[in-house]
Amino acid sequence: MPPGELVSALQSDVAKDALVVTFETNLIALALILVLGTPTAYWAATRQSRFRDLVVTLIELPLVLPPAVAGIGLLAAFGRLGLLGGTLDTLGIDVAFNKVAVVLAVIFVASPFYVRTAVSAFEALDPTLPAAARTLGAGPGGVFFRVALPLAAGGLGAGAALAFARGLGEFGATIMFAGSLQGVTQTLSLAIYEQFDLDFDVALAISAVLVATSAATLLSVKLVTRWRSTSSSPIPSVASSPLSS
Amino acid sequence: MRGRLLAIAGLVAVVASAWLTSGATARPSATPPLTIYAAASLTEVFKALDGAQHFSFAGSNALETQIRNGAPVDVFASAAPLNTQRLFKAGIVDKPVTFTANRLALIVPKSNPAGIRSIYDLRSKPVKLVVAAPAVPAGGYTLSVLRKMGLSSVLSKVVSRESDVKAVTGKVALGQADAGFVYVTDARPVSDQVSVIRIPAWAQPRVRYEIAVVSKSPNKTAAQAWVRMILSAKGQTALKHAGFLPLPKASS
Amino acid sequence: MTRPLSRRRLLTVAAGTAALAALPVRPASAATEEELAYANFAVSSELLLADLYAKALAAKVVIGPGQAALRAGRRAAIQHAGALSGLLTGAGQDAPAAEDFDFQWPAKAFHTPDATAATARVVLRALLGAYQTAVVTVSEPSYGIVYTSLAASAGQQLGALSALGASGVVEPFPVALDLESASDTLEPYLG
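Residues numbered from 1 in each chain as written. Chains lettered and ligands numbered in written order. Predicted model: local features only at pLDDT ≥ 70, side-chain atom pairs only at ≥ 80, totals over all residues.

Scanning chain C from terminus to terminus reveals 6 helices and 0 strands. The secondary structure elements of chain C, listed N-terminal to C-terminal, are α-α-α-α-α-α. Out of the 191 residues in chain C, the part that is buried amounts to 38%. Summarising the internal contacts of chain C: among those between residues at least 6 apart in sequence, 81% fall at separations of at least 24. (Helix = DSSP H or I, 4+ residues; strand = E, 2+ residues; numbered from the N terminus. Buried ≥ 20, exposed ≤ 12 C-beta atoms within 10 Å, placed from the backbone. Contact = placed C-beta atoms within 7 Å.)

Next comes the structure, spelled out in structure tokens:
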């Protein structure tokens, strides 16, 4: 398909609306995943609580669920007749057929990708470094923000990129839970599905955008991992100090 | 260890090949099952009529695209003549035959959160309305109904355009949507979860289902026999019991 | 109608029909959807009325002048359906035909002249009511003329029911019905 046609197909209303909806919802979802997922991953990586395994399993569950089941799960939890439906209603929060629903669906399917990678990243930290920071007077918060986070940043970045790519491609849970309406809930994946027997050129153009974005995301994962791995290796002198356990 | 692994692999291979070939030898005299692509609204009635065939149910427009792009299908049953006729003009299916008709209805969840009692309420009350996408036959028929009743303004209340009519039914049955336009036949299987609001006969579009044998089908004789079965008393009675309409006397 | 069919009458009727058919109906863009909703309802109801007259004639319980009234009514209903179909197709919509419907009549609707008249009164009143509202709702003058003409004809047919032995209907202000009410009234018959 000639590039000129691709660009003009992308300028159609359907494509533009889908791009806006997708990036709006996915960036918000990613932000929430990072804010909520990072502390959770740190806790799971550093604490030896009984609940750790349970929490990790729950978080990873969406990984093995087919997206359609994820959709049903979301409906069962947040749907009008679901567990939290009544509560949300009384609080005046509308979670049906709008961007909030899309954000929830993306968080549900993409967060395991981030949390899993984040847990590994935190687990891979040399434990002597946070210990050294504590002996130097840093509180738990200080240890987290000034030692653990910067050192694990490479792994966290890779996890975030994976989660973002997964969220971009989400289809089943979104269409079941949020529905599909151009300009409101129709993401790039939903737009492709609707357009492929209406205007194949538009569907093709949107697919090209998704492929390009996914490729860029994977590439950035590789680059970030390589860059950070050269700067987060433990300092040999600290590792051999009497404080290491 | 390697010997044990080889033995396990061999066992898996034997079991797998036995399973794969069992379909062919189970009933030596029976014809292989046909692959039938049919409109979503035909799900219950076709499965009940002949559970032995391989069915794929979806919006007729999606099925048309798949067949056009070479899906190995024997029979195509569409909820609108447009899809079968387009494939016929392209030489992909043999001449289609009209085999049944249907009517549209408005369904609301049993709890009726938006308090909809008639179609005209859609205009005056806030409502989360779900319809099929315009390219789907049910979606096109919905637009016809609203146009005939002078109620197209109601489309501003649509919160989702679904890819087939069963998705619309599902969202209303689950209580997620306040109302949805479906065929009367779709309301029946979920009659304990939805209430049906009749659409007057003068507003109904001419809903015609067509069935055709795919020209390149490797099982043409069996496919033609299946189509004949649908057109026979057996098929027509089953359709009538499911709520489909008999064809008018002077069928188009 | 009691007057014998003469050449002059035939020409008058033909001229009237031609005049109705020649009414300038503006192109689709001028007609709003709500105006066409009345046309959609009316074409189905006129087909219902034509079926009523046909079934009444087939029952063969009405004789003499009443039969002529039924036949004239049937002709009028068929012509009305045709004119309304023209409005719809001219506006780009599909018009239904009689075979698209499965009209439902109560078991004894046409057993006696009185029953026939009572059934006809229900349908004609609903039509007359809807036409009255249609006249004031439409913005398109040519549509308004058509609906007025059809309303007048429905009124005449109500009066002609006296030929069936029942009292003809004369009301000072026949009730105008909105589309929803008229539709609800005829729903049991339209099937």
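Having put the structure on the table, let's press on.
Turning next to the overall build of chain B. Secondary structure summary: chain B contains 10 helices and 10 strands in total. Here the C-alpha coordinates of chain B stretch approximately 75 × 50 × 30 Å along the principal axes. The buried share of chain B, reckoned over its 252 residues, is 48%.

The next point concerns the interface of chain C and chain B. Contact residues are listed per partner, giving 17 residues for chain C and 15 residues for chain B. Secondary-structure elements contributing two or more residues to the side of chain C that touches chain B are helix 2 (33-59) and helix 6 (179-190) of chain C. Per-element tally for the side of chain C that touches chain B: the top contributor is helix 2 of chain C, with 7 residues. Looking at side-chain class alone, the side of chain C that touches chain B contains 5 nonpolar, 5 polar and 7 charged residues. (Nonpolar A, V, L, I, M, F, W, Y, C, P; charged D, E, K, R; others polar.)

Residues and elements named next belong to chain B. Spatial strand order, 7-6-8-5-9: 5 strands in an open sheet with mixed pairing. Whereas interior strands pair on both sides, the edge strands pair on one side only; in this sheet they are strand 7 (158-162) and strand 9 (194-198). Strand after strand, the sheet turns through a mean of 30 degrees between neighbouring axes, direction not considered. Taken together, the 4 bridges between strand 6 (residues 129-132) and strand 7 define a ladder with parallel strand orientation. Counted as the bridge partner of Ala132 is Glu162 from strand 7. Each of strand 5 (104-109), strand 6, strand 7 and strand 8 (179-183) is contacted by helix 6 (residues 137-148), which is oriented at about 120 degrees to strand 6, the strand it contacts most. (Pairing = 2+ DSSP bridges. Axes fitted to C-alpha atoms, helices over the stretch in contact; angles between N-to-C directions.)

Here we come to the interface of chain A and chain B. Contacts between the two partners involve 14 residues from chain A, matched on the other side by 17 residues from chain B. Classifying every residue of the side of chain A that touches chain B gives 8 nonpolar, 3 polar and 3 charged.

Turning next to the packing of helix 3 (residues 65-90) of chain C against helix 5 (residues 141-160) of chain C. Residue and element names in this part refer to chain C. Axis separation between helix 3 and helix 5 bottoms out at 11 Å; the angle between their running directions is 165 degrees. Accordingly, the angle class assigned to the pair helix 3 and helix 5 is roughly antiparallel. You can see that helix 3 and helix 5 cross each other, and the crossing is left-handed. Here Ala69, Gly73, Ala76, His80, Ala83 and Leu87 of helix 3 lie close against helix 5, whose contacting residues are Tyr143, Val146, Leu150, Ser153, Gln157 and Ala160. Considering only residue class, the contact of helix 3 with helix 5 consists of 8 nonpolar, 4 polar and no charged. (Parallel < 35°, antiparallel > 145°, perpendicular 65-115°, else oblique. Left-handed = near helix turned anticlockwise from the far one by under 90°.)

Two strands pair when backbone bridges link them, and strand 1 (residues 35-39) of chain B and strand 2 (residues 54-58) of chain B are joined in this way by 5 bridges, in the parallel orientation. By the bridge assignment, Ala38 of chain B is partnered in strand 2 of chain B with Phe57 of chain B.

Of the residues in chain B, 91% have a pLDDT of 70 or more, and the chain-wide mean is 90. A low-confidence stretch, residues 24-29 of chain B stays under pLDDT 50, and its non-local contacts, those more than four residues away or across chains, total 0 contacts. (pLDDT = per-residue confidence, 0-100.)

Turning next to the confidence of the model for chain C. Looking at chain C as a whole, the pLDDT averages 85, with 84% of positions reaching at least 70. When pLDDT is averaged over each element of chain C, helix 6 of chain C comes out on top at 94 and helix 1 (residues 7-21) of chain C at the bottom at 54.

Okay, the domain arrangement of chain B next. Residues and elements named next belong to chain B. What the domain assignment reports for chain B is domain 1 (35-101 + 207-242) and domain 2 (104-203). With 14 residues of domain 1 in contact, the opposing surface of domain 2 contributes 15 residues. Among the secondary structure elements, those contributing two or more residues to the side of domain 1 that touches domain 2 are helix 2 (43-49) and helix 3 (60-68). Top element by residues in the side of domain 1 that touches domain 2 is helix 3. It accounts for 3 residues. Taken together, the residues of the side of domain 1 that touches domain 2 break down into 8 nonpolar, 5 polar and 1 charged. (Domains from an automatic or database assignment.)

Attention now goes to helix 2 of chain C. Because the α-helix completes a turn every 3.6 residues, residues three or four places apart line up on one side. Across its 27 residues, helix 2 of chain C extends 39 Å between first and last C-alpha, which sits within 8% of the 39 Å expected from 1.5 Å per residue. At the C-terminal side of helix 2 of chain C, Lys60 of chain C shows a positive phi close to 60 degrees. (Expected span 1.5 Å × (residues − 1).)

What follows covers the nonpolar core. Counting 193 residues, the largest nonpolar core has Ala105 of chain A, Val75, Phe76 and Ala179 of chain B together with Val123, Leu127 and Ala130 of chain C as the members making the most contacts within it. At 17 residues, helix 6 (residues 99-123) of chain A tops the list of elements feeding residues into this core. Viewed by domain, this core spans two of them, domain 1 (35-101 + 207-242) and domain 2 (104-203) of chain B, each represented by three or more residues. Filtering out sequence-adjacent residues up to four positions away, Val123 of chain C remains in contact with Ser45, Leu48, Leu49, Leu52, Leu186 and Tyr189 of chain C. (Core = buried A, V, L, I, M, F, W, Y, C linked by C-beta atoms within 7 Å.)

Now for helix 4 (residues 67-78) of chain A. All names here are of chain A. Between the first and last C-alpha of helix 4 there are 16 Å, a value that for 12 residues agrees with the 16 Å anticipated at 1.5 Å per step. Along helix 4, the residues that are buried comprise Ala70, Gly71, Leu74, Leu75 and Phe78. Here the buried residues of helix 4 occupy an arc of 140 degrees about the axis, which is enough to place them on one side. Contacts from the buried residues of helix 4 go to helix 3 (51-64), helix 5 (85-91), helix 6 and helix 9 (172-177). (Arc of directions from axis to C-beta.)

Residues and elements named next belong to chain B. Strand order in this open sheet of 5 strands is 2-1-3-10-4, and the pairing throughout is mixed. Single-partner strands in this sheet number two, and they are strand 2 and strand 4 (97-101). This sheet shows a mean twist of 20 degrees between the axes of neighbouring strands, independent of strand direction. Against the sheet, helix 4 (residues 81-89) engages strand 3 (75-78) and strand 10 (208-213), with an angle of about 30 degrees to strand 10.

One non-glycine residue with positive phi stands out, namely Phe97 of chain A, at about 60 degrees. Relative to the assigned elements, Phe97 of chain A resides in the loop between helix 5 and helix 6.

What follows deals with the environment of Gln79 of chain C. Residue position: Gln79 of chain C is located in helix 3. On a C-alpha basis, the gap between Gln79 of chain C and Leu47 of chain C in space is 9.7 Å, while along the polypeptide they are 32 residues apart.

Once that is clear, we can look at the environment of Arg71 of chain C. All names here are of chain C. Mapped onto the elements, Arg71 comes out in helix 3. Accessibility expressed as a C-beta count within 10 Å gives 15 for Arg71, which makes it partly exposed. For the pair formed by Arg71 and Val122, sequence separation is 51 residues and the distance between their alpha carbons is 18 Å.

Attention shifts here to the environment of Gly139 of chain B. Residue and element names in this part refer to chain B. Of note, Gly139 is situated in helix 6. Along the chain, Gly139 and Ala101 lie 38 residues apart, while their C-alpha atoms are 16 Å from each other. Setting aside residues no more than four positions away along its own chain, Gly139 makes contact with Val131, Ala132, Ala133, Pro134 and Arg161.

Here we come to the packing of helix 2 of chain C against helix 3 of chain C. Residue and element names in this part refer to chain C. For the pair helix 2 and helix 3, the least separation of the axes is 8 Å and the interaxial angle reads 155 degrees. The angle between helix 2 and helix 3 places the two elements in the roughly antiparallel class. Viewed along their axes, helix 2 and helix 3 form a crossing whose handedness is left-handed. Looking at the contact of helix 2 with helix 3, its residues break down into 18 nonpolar, 5 polar and 3 charged.

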